[in-house]
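If you want the building blocks of each chain, they are given just below.
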Amino acid sequence: MNSGNFGLPISHLVFASNPLGASTQIIVLMFQNFLTFTYGVFNSATTQKTGIKENLAPLFKMPTIYALALGLMFYIFNLSLPKAAEQVLNQIAEGFTALALLVLGAQIEYPKLKHLSVVFYFTIGLRLVGLRLSL
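Here's a quick rundown of the structure. (Residues numbered from 1 in each chain as written. Predicted model: local features only at pLDDT ≥ 70, side-chain atom pairs only at ≥ 80, totals over all residues. Heavy atoms only, no water.)

1. With respect to the overall build of the protein chain
- Looking only at helices and strands, one finds seven helices and zero strands in the protein chain.
- When the helices and strands of the protein chain are listed from N to C terminus, the series reads α-α-α-α-α-α-α.
- Across the 135 residues that make up the protein chain, the buried fraction comes to 16%.
- Intrachain contacts of the protein chain at a sequence separation of at least 6 include 44% that bridge at least 24 residues. (Helix = DSSP H or I, 4+ residues; strand = E, 2+ residues; numbered from the N terminus. Buried < 20%, exposed > 50% of the residue type's maximum accessible area, 1.4 Å probe, protein only. Contact = heavy atoms within 4.5 Å.)

2. Some details on unusual backbone geometry
- Phi angles above zero are rare outside glycine, and Asn-78 is one such case at about 55°.
- Mapped onto the elements of the fold, Asn-78 is located in the loop between helix 4 (63-76) and helix 5 (83-94).

3. Things to note about a nonpolar patch on the surface
- A surface patch of nonpolar side chains, amounting to about 1200 Å² of accessible area, comprises Phe-34, Leu-35, Tyr-39, Leu-68, Leu-70, Leu-72, Met-73, Tyr-75, Ile-76, Phe-77 and Leu-79.
- Where the nonpolar patch is concerned, the elements lending two or more residues are helix 2 (19-46) and helix 4.
- Its place among the elements puts Phe-77 in the loop between helix 4 and helix 5.
- Residue class for Phe-77 comes out exposed when judged on its relative accessible area of 58%. (Patch = residues over 30% accessible without salt bridge, like charges linked within 9 Å, V, L, I, M, F, W, Y side chains within 5 Å. Areas by Shrake-Rupley, 256 points an atom, 1.4 Å probe, with all protein chains shown as cover. Salt bridge = Lys/Arg side-chain N within 4 Å of Asp/Glu carboxyl O.)

4. Things to note about the side chain of Thr-38
- Examined against the element boundaries, Thr-38 turns out to sit in helix 2.
- We classify Thr-38 as buried; its relative accessible area is 13%.
- Residues contacting Thr-38, with those up to four places away along its chain left out, are Leu-59 and Ile-65.

5. Focus on helix 2
- Compared with the 40 Å implied by 1.5 Å per residue over 28 residues, the 40 Å span of helix 2 between its first and last C-alpha is a close match.
- Of all the bends in helix 2, the largest measures some 30° and sits at Gly-40.
- Turning to helix 2, its buried residues are Gly-21, Ala-22, Gln-25, Leu-29, Thr-38, Val-41 and Ala-45. (Expected span 1.5 Å × (residues − 1). Bend = angle between axes of the 7 residues up to and from the residue.)

6. So, the environment of Ser-23
- Tracing the chain through its elements places Ser-23 in helix 2.
- Look at Ser-23 and you get partly exposed, because its relative accessible area is 34%.
- As a C-alpha pair, Ser-23 and Ser-11 span 12 residues in sequence and 8.8 Å in three-dimensional space.
- Reaching out from Ser-23, the side chain makes a polar contact with the backbone oxygen of Pro-19 at a distance of 2.7 Å. (Polar contact = N/O pair within 3.5 Å; in protein donor to acceptor, adjacent residues only side chain to side chain.)

Structure representation (structure tokens):
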């Protein structure tokens, strides 16, 4: 799910003046999350259990399903949040990019790679050189 962790903050920074780029990233991320937290959870459950009821149980433990249903209800019935809740959520959303980049930096600082092979260094070098040549 690094497309959300990496892609969304970068899209917000790169496409700050053009909302179409960030909007495209958000739509892709929504579909990816929907498939991961519905079909992915169901598919994972089928490897451990055989009954349909046991396979669907983990799906309904995911908050994503309930958030989707709530969002659809708000959209269909043209509801809006109270101003106080909307203001709090907007403030949280405005801090998302900075917080996501801070967390990513902390994760990158302490990698769990113990043995780095020649192939690893070659791949990293190729990506760095290839990126420069493509620009």
